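# Structure assessment
Read off the chains here:
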Amino acid sequence: ESLGSRNAIHSFVGSLTRNERRLLLEELDRVKGQDKDSCNPKSNDLDSDANAVTPNTRICLQLAVVNAVPFVGFGFLDNAIMIVAGESIELSLGSVFMLSTMAAAAMGNLISDLAGIGLASGVEGLASRVGLPNPVLSAEQLRLSTVRRVIYAGRAIGLAFGCILGMFPLLFYGYKRPAEESATS
């Protein structure tokens with residue numbers, strides 16, 4: 001039987017034992033030269049399972065981006081809400097209760113964190129509607145340290161980028177530099 005169709009290949013692979021599939025994957029990797037196109041210089045990142053194959057660079061990039069997108073939203077909302085709430089608290093309650101700027105910022109952070117709990121499912125839903133391809137990885141691949149590092153890096157980069165974007169409310173506050181304050185006094 002020819003292996004010229006997806007169904008024939010699916011049927012063939014399904015008939016193999018776990019060890020035969022592992023050997024087939026190893027041979028395909030050797031032929032393809034996947035060592036040159038992996039996320040990790042050591043392509044055989046088999047720290048979790050002897051049958052797991054490290055995903056190639058394209059899959060790793062997709063994985064990082066898919067994990068980054070929701071964290072851009074989280075970082076954006078967290079910083080924007082914290083800045084607006086902290087500034088509002090400082091201006092309204094700060095002088096009445098003699099709160100320091102840091103106390104107002106901490107209260108703004110509390111409000112932002114509480115809002116984040118309520119907004120989490122909305123952010124995740126919106127991120128899923130972006131339509132980014134989510135790479136399909138096996139359970140063994142998801143346990144690889146390389147894959148975990150790619151996921152964490154994507155989340156960290158997304159969060160940092162979102163936090164930077166979330167600083168936009170600062171553009172609307174009229175802060176004076178100390179030299180300007182003393183010149184107008």
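Here, the structure is the one placed above.
Residues numbered from 1 in each chain as written. Predicted model: local features only at pLDDT ≥ 70, side-chain atom pairs only at ≥ 80, totals over all residues. Heavy atoms only, no water.

### A few points about the overall build of the chain
Looking only at helices and strands, one finds seven helices and zero strands in the chain. Of the regular secondary structure in the chain, the N- to C-terminal order runs α-α-α-α-α-α-α. Split into buried and exposed, the 185 residues of the chain put 26% on the buried side. Counted over contacts in the chain with a minimum sequence separation of 6, partners at least 24 positions apart contribute 71%. Put simply, the chain shows about 12400 Å² of open surface, and 64% of that area lies on carbon and sulfur atoms. (Helix = DSSP H or I, 4+ residues; strand = E, 2+ residues; numbered from the N terminus. Buried < 20%, exposed > 50% of the residue type's maximum accessible area, 1.4 Å probe, protein only. Contact = heavy atoms within 4.5 Å. Areas by Shrake-Rupley, 256 points an atom, 1.4 Å probe, with all protein chains shown as cover.)

### Here we look at the packing of helix α3 (residues 57-92) against helix α4 (residues 101-128)
Where α3 contacts α4, the two axes come as close as 7 Å, and the packing angle between them is 150 degrees. Relative to α4, α3 is oriented so that their crossing is right-handed. Split by residue class, the contact of α3 with α4 holds 17 nonpolar, six polar and four charged. (Axes fitted to C-alpha atoms, helices over the stretch in contact; angles between N-to-C directions. Left-handed = near helix turned anticlockwise from the far one by under 90°. Nonpolar A, V, L, I, M, F, W, Y, C, P; charged D, E, K, R; others polar.)

### Details of the nonpolar core
Judged by nonpolar contacts, Ala52, Ile59, Cys60, Leu63, Ala64, Leu137, Leu144, Val147, Val150 and Ile151 together constitute the single largest core of ten residues. Elements that contribute at least two residues to this core include exactly α3 and α6 (145-165). When residues of this core are assigned to their parent elements, the largest contribution, four residues, is made by α3. Setting aside its immediate chain neighbours within four residues, Leu63 contacts Pro135, Leu137, Val147, Val150 and Ile151. (Core = buried A, V, L, I, M, F, W, Y, C linked by side-chain atoms within 4.5 Å.)

### What about the pattern of salt bridges?
The full count for this structure, using the stated rule, is one salt bridge. Residues Glu140 and Arg18 are paired through a salt bridge, measuring 3.9 Å at the closest nitrogen-oxygen approach. Of this pair, Glu140 sits in helix α5 (residues 139-142) while Arg18 sits in helix α2 (residues 18-32), and the two are 122 residues apart along the sequence. (Salt bridge = Lys/Arg side-chain N within 4 Å of Asp/Glu carboxyl O.)

### So, α3
Spanning 36 residues, α3 covers 51 Å between terminal C-alpha atoms, matching the ideal 52 Å at 1.5 Å per step. By the largest-angle criterion, Val69 marks the main kink of α3, which is about 25 degrees, and a proline, Pro70, follows within four residues. In this structure Asn56 caps α3, since a side-chain oxygen of it lies 3.2 Å from the backbone nitrogen of Arg58. (Expected span 1.5 Å × (residues − 1). Bend = angle between axes of the 7 residues up to and from the residue. Polar contact = N/O pair within 3.5 Å; in protein donor to acceptor, adjacent residues only side chain to side chain.)

### Some points on the side chain of Asn79
Tracing the backbone shows Asn79 in helix α3. Classification of Asn79 by relative accessible area gives buried; the value is 13%.

### Brief notes about a nonpolar patch on the surface
There is a patch of nonpolar side chains on the surface, built from Leu3, Ile9 and Phe12 and spanning about 250 Å² of accessible area. Residue position: Phe12 is located in helix α1 (residues 6-15). Residue classification places Phe12 among the partly exposed positions, given a relative accessible area of 34%. (Patch = residues over 30% accessible without salt bridge, like charges linked within 9 Å, V, L, I, M, F, W, Y side chains within 5 Å.)

### Considerations on unusual backbone geometry
One non-glycine residue, Met98, lies in the positive phi region at around 50 degrees. Turning to its location among the elements, Met98 is positioned in the loop between α3 and α4. Owing to a relative accessible area of 75%, Met98 belongs among the exposed residues under this scheme.

### Some words on the packing of α3 against α6
With their axes 6 Å apart at the nearest point, α3 and α6 run at an angle of 35 degrees to one another. Judged by the twist between their axes, the crossing of α3 over α6 is right-handed. Facing α3, whose interface residues are Cys60, Leu63, Ala64, Asn67, Ala68, Phe71, Val72, Phe74, Gly75, Phe76 and Asn79, α6 presents Val147, Val150, Ile151, Gly154, Arg155, Gly158, Leu159, Phe161, Gly162, Cys163 and Leu165. Looking at side-chain class alone, the contact of α3 with α6 contains 15 nonpolar, six polar and one charged residues.

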